[in-house]
Amino acid sequence: MPEEATTPDLVERVRGLVGALDRRDVDTFVSFHAPDAVLEAAVGRFEGVAAIRGFIEDWLANYEEFAVTLEEVRDLGNGVTFSVIRQQGRLVGSSGHVQLRHAAVDVWVDGVIARAITPADIDEARAAAERLAEERE
């Protein structure tokens, strides 16, 4: 439990980030990012807040119903967090629901995300996040 006592700030920041996405509050979502942040997603690389905003707006526009759940979040130290996130929704014009479960590795500098990586494989992402935290010591 000592880890929780020393790292609640970034964990709370991740919760706020995911909460903003769940509410489709794009302004708040992008406020968690540095102006020159980089988002490396499975569908592409987005550099800067304007590009990240455009990607998120386009992503959300695909859904009539949308919800995000934070399944796991850990502060690995040295400004690195690891999260497992579940997205669920109903696409525009569809009666079926879709679901995406993925990892997020965030590198935080001065309380904002400088780099976000959302790899497809959760176990590989966890290992990469742990290595990244060690490298940043």
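Refer to the structure presented above.
Draft legend 1. Geometry of helix 4 (residues 49-61). Taking 1.5 Å of rise per residue, the 13 residues of helix 4 would be expected to cover 18 Å, and the 18 Å separating its terminal C-alpha atoms lies within 8% of that figure. Within the span of helix 4, buried status applies to Ile52, Phe55, Ile56 and Leu60. Buried positions in helix 4, seen along its axis, are confined to an arc of 125° and lie on one side of it. Relative to its buried face, helix 4 has exposed residues pointing more than 90 degrees away, namely Ala50, Asp58 and Ala61.

Draft legend 2. Expanded view of the nonpolar core. Counting residues in each nonpolar core, the largest one holds 29 residues, and the members touching the most others are Leu21, Phe29, Leu39, Ile52 and Ile56. Those elements that provide at least two residues to this core are helix 2 (8-22), helix 3 (26-31), strand 1 (33-41), helix 4, strand 3 (63-77), strand 5 (97-109) and strand 6 (112-118). In this structure Ile56 touches Leu21, Val26 and Phe29, once residues within four positions along its chain are discounted. Counting residues in hydrophobic clusters, the runner-up holds 13 residues, among them Leu76, Val80, Ala125 and Ala133.

Draft legend 3. The arrangement of the packing of aromatic side chains in detail. If you walk through the whole model with that rule in mind, you get four aromatic pairs. Here the aromatic cluster, defined as three or more aromatic residues joined through ring pairs, consists of Phe46, Phe55, Trp59, Tyr63 and Phe66.

Draft legend 4. Quick peek at unusual backbone geometry. At Arg24, a residue that is not glycine, the phi angle is positive and equals roughly 60°. Mapped onto the elements, Arg24 comes out in the loop between helix 2 and helix 3. A positive phi angle, close to 55°, is found at Asn78, a residue other than glycine. Note on placement: Asn78 falls in the loop between strand 3 and strand 4 (80-91).

Draft legend 5. Quick look at helix 5 (residues 122-135). Spanning 14 residues, helix 5 covers 20 Å between terminal C-alpha atoms, matching the ideal 20 Å at 1.5 Å per step. For helix 5, the set of buried residues is Ile122, Ala125, Ala129, Leu132 and Ala133. The buried side chains of helix 5 occupy one side of the element, clustering within an arc of 100° when seen end-on. Looking at helix 5, the residues exposed on the side facing more than 90 degrees away from the buried face are Asp123, Glu124, Glu134 and Glu135. On the buried face of helix 5, the contacting elements are strand 3, strand 4 and strand 5. Capping the start of helix 5, Asp121 holds a side-chain oxygen 3.1 Å from the backbone nitrogen of Asp123, two or three residues further along.

What counts, and at which threshold
Residues numbered from 1 in each chain as written. Predicted model: local features only at pLDDT ≥ 70, side-chain atom pairs only at ≥ 80, totals over all residues. Heavy atoms only, no water. Helix = DSSP H or I, 4+ residues; strand = E, 2+ residues; numbered from the N terminus. Expected span 1.5 Å × (residues − 1). Buried < 20%, exposed > 50% of the residue type's maximum accessible area, 1.4 Å probe, protein only. Arc of directions from axis to C-beta. Core = buried A, V, L, I, M, F, W, Y, C linked by side-chain atoms within 4.5 Å. Contact = heavy atoms within 4.5 Å. Phe/Tyr/Trp six-rings, centres within 6.5 Å; stacked < 30°, edge-to-face > 60°. Polar contact = N/O pair within 3.5 Å; in protein donor to acceptor, adjacent residues only side chain to side chain.

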